[in-house]
Every structure is written in C-alpha cells, then in structure tokens.
Amino acid sequence: MSDQPPVLDQQVLDALRDSVGGDDAFVADLVATYLTEGAAHMAEMDAAAAAGDAAAIVRPAHSMKSSSAALGAARMSSISRDIEFAGREGRAEGLAASVQEARAAWEATVAELRARGLAG
Amino acid sequence: MSEPVALIVDDSAVNRMLLARHLGSMGIAAREAGDGKAALAALQTSSEDVAVVLLDVMMPEMDGYETLAAIKSDESLRQLPVIMISGIDELATVARCIELGAADFLAKPFDPVILAARVRASLADKRLRDAEAAHAAAQAELLGTIERQKSELARFLSPQVAALISSPEGEQMLAGHRREATAVFCDLRGFTAFSDSAEPEEVLGLLREYHAMMGASINEHGGTLEHFAGDGMMVFFNDPVLQPDHVARAVRMAVAMRDRFAPLAAKWSKLGFELGLGIGIATGYATLGRIGFEGRYDYGMVGTAVIVASRLSSAAEGGQILLNPRAHAAVEVIVFVEPVGELQLKGFARPIPAVNVVGYRSPGDPIDSDTELATTAADL
C-alpha cells in the first residue's frame, strides 16, 4: 500500500487554511460538510456496486473525487477517480472490490480528520 | 446597479462552500445551485444581478456542457460570462466549452489567486458590455428623439428647410448666402371684403381649401414656402435646394395655382363672393438664410426681387401672373405673355415693365409638369 497517495495531504490542507486566512471555524464547517456529503456518496457507491450498476456509480464517485481533492483527502480522491472512470467505461466487474477499497479509504480519512482535530 | 452576484453551479457542496468563501472575500456574493437545471431555474427567476457563472463540468441531471449551451442559446443570458470549473480529467470538455462561448476555466482544486483574477476579468468584461449596451440604448433613444423632432419639424417648416436644418451643411446655409432666386407672392383679390361680410366659419373653410390647393402646388414644384399670412403667401425657388430651372418652376407653379383656383372661385362666386388670385413673380439676386431673432427664426429671402414680387402681386388683377423682366427673359420660350405696361411700383423710382403669363406655348411643352415627370421617369 506504500505506492498509494497519503490519506491526507498536509500541504493541501495547509494551503486551504491559508487561502481562507487561517479561519479554522470555516475549515471545520467545510470538513463537516465533506463528512455529511461524503457519507451520502459512499452509500450511493455501495448501492450501485451492490446492484452492479456501473453507470450509477459515476456521479457519486465524481463528486467524492472532487470534494476529497479540495480537502487534501488524496487517497479517497484517487480511488474515487478510478471508480468514476471504471463506471464511465461501463466496467461492472471489480466494482464491488473497488468500492470496498473506497470504503476503507473513507474510514481512514474520517479517522485522520478526527485525529487532527478537524472533525467532531 | 446592485452588487455583483456569482452563481456557483457545482454538485459538490464542499466546492460550492469553498468558492463562495473565496468570492465573499472579493466582495462578491454567491448564489448556489447543485446542478444545471437548478442553475437555469435560478437564472430565469433572477438573472439581473448575476454577473458571472462558475459552472462545474460534470454534474448530475444536466452537466456543464448542456447548461452552457442553454445559457448561450438564451438571448437574455448570452452575454453572461461563464467560467467552467473542471477537474484535470475534463480538459477536453473544457475546450469544447470555450468553443461554445465559455469565458474561461478554472482547474480544481481551486487556486484562490487565479479564481480572483479570472472572476475579476469576467466582471470587468461584463461591466464593459453592460456599459456598451447602455450606451447603445441611450444612443438609440436619442436618435429616436431626433427622428421624432425631425418629423415634427417637417410639419411646421418647408420640407427643404426641415431637411436643411438636419443636414451637416445646414449651419453654414442658415448663416446666410447670396444667390439668384425667384420669389413668388400671391394673395386673393376680394378677400378683405369677403372676410368682412362672411361668417368666420366660412372664412376659415375657404382658407382651408385655398391653402390645401396652394400647398399641393408648392410641393409639386419644389418651392420653399417662406410664410403665409391669411390669404397671402410667399414662396421662393432655387434655395436651399439648387434648381437650375427655378424660374420655370415658379411660373409652372403659378399656372397650376391659377388653374386649380378657377373652380374654387366659381364655387364661391355662386355663394356670392367674388374672389380672384393675383400672383407676382420676380427673379434676382438675394440673400437667403436665417432671419429673425433669438427664439424665433424663419428661413427667408431678402432682396429687391422679394419686394418686386410682392408689389407685382399687389398690382395683379384676379387671374394674372405678373413677371419682372428677368423672370420673363428666363421663360419667354415656353410661355405666351402679354405686356401689362410699365408699372410704377411703390418704393421704386423707375417703372418696371411687367408681363402677364397667358399660357404655355405648346400643351406638350417640356415645361408641362406631366411631360417633365414622364421624362424624369424615363431618365431613371
């Protein structure tokens, strides 16, 4: 797993905090939004994988990729991107395994955000 | 104008929040939409204050490309700058969006400095376009006003003078110039007695008929009406529009007036009123231009010819068209005249030999207005 991107990219997080003038309250709000939205996207990806519906997975995977990248959740973003592309190409096989991987990354991301005091 | 508002269209709540925050620090309020359909709905209900749209490429329901196409095909939204927001994987789509009219694009994750620069550029662009549109609207309104004034002016002035006032060389012409011109005076014999004994309604009715007839004759022959007062009128030719045949035109107009007047005179005669039309025509050098005082100017003709024409008109009996020698010389090949003797005109030391126009030398003469019209049509 060493070739995987980090769960959280500290540089991105730092740049994000700088860009909002060190407003920690805003960053905390942003993370809270991410967690709520992300949980919903994860649930949608689970459902799509369970149904073997490659098309239905594109949208939540895309949003997850985008939001995760904004917060420096690099691993989550990278896995979501792979899933989005697989979904766009209609590759249903291996979808369940990929989503399982995404689920693990998601939990790691949530844990890491909590560990840094960014999530309640 | 209201404060600029940016419409953020992105399916990611995190992205919307971040963009709204960055825009807020630039003093730009944000409105948010989660997909293209919601964005179009927001624009259709209140697009006026929206100054820029930040549009995500990949969205559920209606994606960025479709949304952009809808914005660009809507006449009222077309000018709205749209900045595409795209992930690194979507650059091919972004290129298509730029071709479709997107103003710019912004890569995710956002760099606030680049975001600020692109949004400011789009806003400046929109302000410029709005200013241009406002200017064009003001210009159109001004032109509309001028056109209205011109058409209103044309109802009060001779068409030639109205055109002159609105033309670029008008000021120079109005300032005054000297040239040869032909003055025509006409008034009614017996009008004073008529207006003394007739009912006011009859007087006004007669004047209406008379003016309508005279006006038609003036316009047909291209005369410039300087003024009319009761039954008297003064018309001149060869100014402001140059007319090489100005004397012939004046005489032709006078003959037309006399011909048209005859049935009217016959009608009034049956009612017991004896009215005759006397016309005086004189050609000579004169000064033409703006005459009057601040607040009230006329476009007028000043010179001896004007006075001679006026005196000839007074001297004319009903049905006579009197010419001064210079006018006579110019039209003697086309009209028969009879001498009326040397007229001692008021204000002139020497008597003036005047002639009365009897009729055209030939009915098919080129001076005949119908023939001339036919010739003109053939020339075209």
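In case you missed it, the structure is sitting above this.
Let me begin by describing the structure that accompanies this report. What you see as residue numbers is a count from 1 along each chain, following the sequence as written. The lettering of chains begins at A and the numbering of ligands begins at 1, in the order of writing. The predicted origin of the model limits local features to residues at a pLDDT of at least 70 and limits the giving and counting of side-chain atom pairs to 80 or more, whereas totals for whole chains, interfaces and linings rest on all residues. Only hydrogens and water are set aside; all other atoms, that is, all heavy atoms of the structure, feed into the side-chain values.

## Re the overall build of chain A
Turning to step 1, where the next piece is worked out: Looking only at helices and strands, chain A has five helices and zero strands in total.
Turning to step 2, where the next piece is worked out: Here a helix means four or more residues in a row that DSSP labels H or I, a strand means two or more in a row labelled E, and each is numbered from the N terminus. Each helix (α) and strand (β) of chain A, taken in turn from the N terminus, gives the series α-α-α-α-α.
Turning to step 3, where the next piece is worked out: Exposed residues in this analysis have more than 50% of their type's maximum accessible area, buried residues have under 20%, and partly exposed residues fall in between, with area computed by a 1.4 Å probe over protein chains only. The buried share among the 120 residues of chain A stands at 46%.
Turning to step 4, where the next piece is worked out: Contacts are residue-level and defined by heavy atoms, with any inter-residue pair within 4.5 Å sufficient. The long-range fraction of contacts in chain A, counting pairs at least 24 apart against all pairs at least 6 apart in sequence, stands at 69%.
Turning to step 5, where the next piece is worked out: For chain A, the computed accessible surface area is about 5,300 Å², with 53% contributed by carbon and sulfur atoms. Per-residue and other accessible areas were derived by the Shrake-Rupley procedure at a 1.4 Å probe size, with only the shown protein chains allowed to occlude residues.

## Topic: the interface of chain A and chain B
Turning to step 1, where the next piece is worked out: In this complex, chain A contributes 24 residues to the contact, which on the side of chain B involves 17 residues.
Turning to step 2, where the next piece is worked out: Defined here as a combined quantity, buried area equals the accessible surface (1.4 Å probe) lost by two parts on assembly, summed across both. At the boundary of chain A with chain B, total buried surface from both sides reaches about 1,700 Å², with 63% on carbon and sulfur atoms.
Turning to step 3, where the next piece is worked out: Nitrogen and oxygen atoms within 3.5 Å of one another constitute a polar contact, given that in protein one can donate a hydrogen and the other can accept it, and given that sequence-neighbouring residues count only through two side-chain atoms. Between chain A and chain B we count six residue pairs in polar contact (both at pLDDT 80 or more) in total.
Turning to step 4, where the next piece is worked out: Those elements that provide at least two residues to the side of chain A that touches chain B are α1 (10-19), α2 (24-51), α3 (54-71) and α4 (74-88) of chain A.
Turning to step 5, where the next piece is worked out: Ranked by residue count, the leading element in the side of chain A that touches chain B is α3(A), at 10 residues.
Turning to step 6, where the next piece is worked out: The residue classification treats Ala, Val, Leu, Ile, Met, Phe, Trp, Tyr, Cys and Pro as nonpolar and Asp, Glu, Lys and Arg as charged. All others, Gly included, are polar. When its residues are assigned to classes, the side of chain A that touches chain B shows 10 nonpolar, six polar and eight charged.

## Considering the packing of α1(A) against α3(A)
Residue and element names in this part refer to chain A.
Turning to step 1, where the next piece is worked out: Inter-axis angles, ranging from 0 to 180 degrees, are taken between N-to-C directions of lines fitted to C-alpha atoms, where helices are fitted over the stretch in contact. Following both chains from N to C, one finds α1 and α3 inclined at 75°, their axes separated by 7 Å at the closest point. With respect to each other, α1 and α3 are oriented roughly perpendicular. Side by side, α1 and α3 meet where Val-12, Leu-13 and Leu-16 of the first sit next to Ala-69, Ala-70 and Leu-71 of the second.
Turning to step 2, where the next piece is worked out: Tallied by class, the residues present in the contact of α1 with α3 amount to six nonpolar, no polar and no charged. What sets the label is the angle itself: under 35 degrees gives roughly parallel, over 145 gives roughly antiparallel, 65 to 115 gives roughly perpendicular, and the rest give oblique.

## Brief notes about the layout of surface pockets
Residues and elements named next belong to chain B.
Turning to step 1, where the next piece is worked out: Counted as a void, the largest pocket has a volume near 690 Å³.
Turning to step 2, where the next piece is worked out: Of all the secondary-structure elements, those providing two or more residues to the lining of the largest pocket are α5 (112-156), α6 (159-166), α9 (200-221), β7 (224-229) and β10 (296-302).
Turning to step 3, where the next piece is worked out: In terms of residue class, the lining of the largest pocket is made up of 14 nonpolar, six polar and five charged. Site definitions follow a grid-based scheme: protein atoms alone, a 1 Å grid, a 1.4 Å probe that fits but cannot get out for cavities, and for pockets an open set with protein on both sides within 12 Å along at least five of seven lines, plus lining residues having an atom within 4 Å of a point. Grid points are joined across faces, edges and corners, and a volume is the space filled by probe spheres set on the points.

## Concerning the pairing of β10(B)
Turning to step 1, where the next piece is worked out: Between any two strands, pairing holds if DSSP finds at least two bridges. Two elements, strand β9 (residues 276-293) of chain B and β10(B), share seven bridges in a ladder whose sense is antiparallel. Paired with B:Gly292 across the strands is B:Tyr297, a residue of β10(B).

## A look at a nonpolar patch on the surface
Turning to step 1, where the next piece is worked out: Each patch is built from residues that are more than 30% exposed by relative accessible area and take part in no salt bridge. Like charges join if they lie within 9 Å; nonpolar side chains (Val, Leu, Ile, Met, Phe, Trp, Tyr) join within 5 Å. The salt bridge criterion pairs a side-chain nitrogen of Lys or Arg with a carboxyl oxygen of Asp or Glu, the two atoms within 4 Å. A cluster of nonpolar side chains, B:Leu142, B:Leu143 and B:Ile146, forms an exposed patch at the surface whose accessible area comes to about 270 Å².
Turning to step 2, where the next piece is worked out: Positionally, B:Leu142 belongs in helix α5.

## Remarks on the pattern of salt bridges
Side chains that differ in sign of charge can pair as their charged atoms come close.
Turning to step 1, where the next piece is worked out: Counting across every chain of the model gives 21 salt bridges over all chains.
Turning to step 2, where the next piece is worked out: When the shortest N-O distance is used, the salt bridge between B:Asp239 and B:Arg179 registers 2.6 Å. One end of the pair, B:Asp239, is in the loop between β8 (232-237) and α10 (246-270); the other, B:Arg179, is in strand β6 (residues 177-189), with 60 residues separating them in the sequence.
Turning to step 3, where the next piece is worked out: Overall, B:Arg179 belongs to the buried group, its relative accessible area being 16%.
Turning to step 4, where the next piece is worked out: Two residues, B:Glu180 and B:Arg326, come together in a salt bridge whose shortest N-O distance is 2.8 Å. Here B:Arg326 lies in helix α12 (residues 325-331) and B:Glu180 lies in strand β6, a separation of 146 residues in the sequence.
Turning to step 5, where the next piece is worked out: Through salt bridges with shared partners, a single ionic network connects A:Asp14, A:Arg17 and A:Asp24.

## Points about the pairing of strand β13 (residues 352-360) of chain B
All names here are of chain B.
Turning to step 1, where the next piece is worked out: Two strands pair when backbone bridges link them, and strand β11 (residues 321-323) and β13 are joined in this way by two bridges, in the antiparallel orientation. Following the sheet pairing, Leu-323 is matched in β13 by Val-355.
Turning to step 2, where the next piece is worked out: Summarising the sheet, strand β12 (residues 335-343) and β13 pair through eight bridges and their orientation is antiparallel. Bridged to Glu-342 within β13 is Pro-353.

## Brief notes about the packing of aromatic side chains
Turning to step 1, where the next piece is worked out: Centre distance within 6.5 Å is the pairing criterion for rings of Phe, Tyr and Trp, where only the six-membered ring of Trp is used; planes under 30 degrees apart are then read as stacked, over 60 as edge-to-face, and the remainder as tilted. What the rule picks out here adds up to six aromatic pairs over all chains.
Turning to step 2, where the next piece is worked out: With a centroid separation of 6.3 Å and 35° between ring planes, the pair formed by B:Phe236 and B:Tyr299 is classed as tilted. Taken together, the residues span a long stretch of sequence, with B:Phe236 in strand β8 and B:Tyr299 in strand β10 at a distance of 63 residues.
Turning to step 3, where the next piece is worked out: With a centroid separation of 6.2 Å and 65° between ring planes, the pair formed by B:Phe261 and B:Trp268 is classed as edge-to-face. B:Trp268 matches B:Phe261 in its accessibility class, with the two residues each being buried.
Turning to step 4, where the next piece is worked out: Among the aromatic residues, ring-to-ring pairing joins B:Phe191, B:Phe194 and B:Phe273 into one connected group.
Turning to step 5, where the next piece is worked out: In this structure, A:Arg81 packs its charged tip against the face of A:Phe85, placed 4.9 Å from the ring centre.
Turning to step 6, where the next piece is worked out: Above the ring of B:Tyr297, the side-chain terminus of B:Arg290 is found at 5.5 Å from the ring centroid. Charges are assigned to positions over rings by a cutoff of 6 Å between ring centre and Lys NZ or Arg CZ, combined with an angular limit of 35 degrees from the ring normal.

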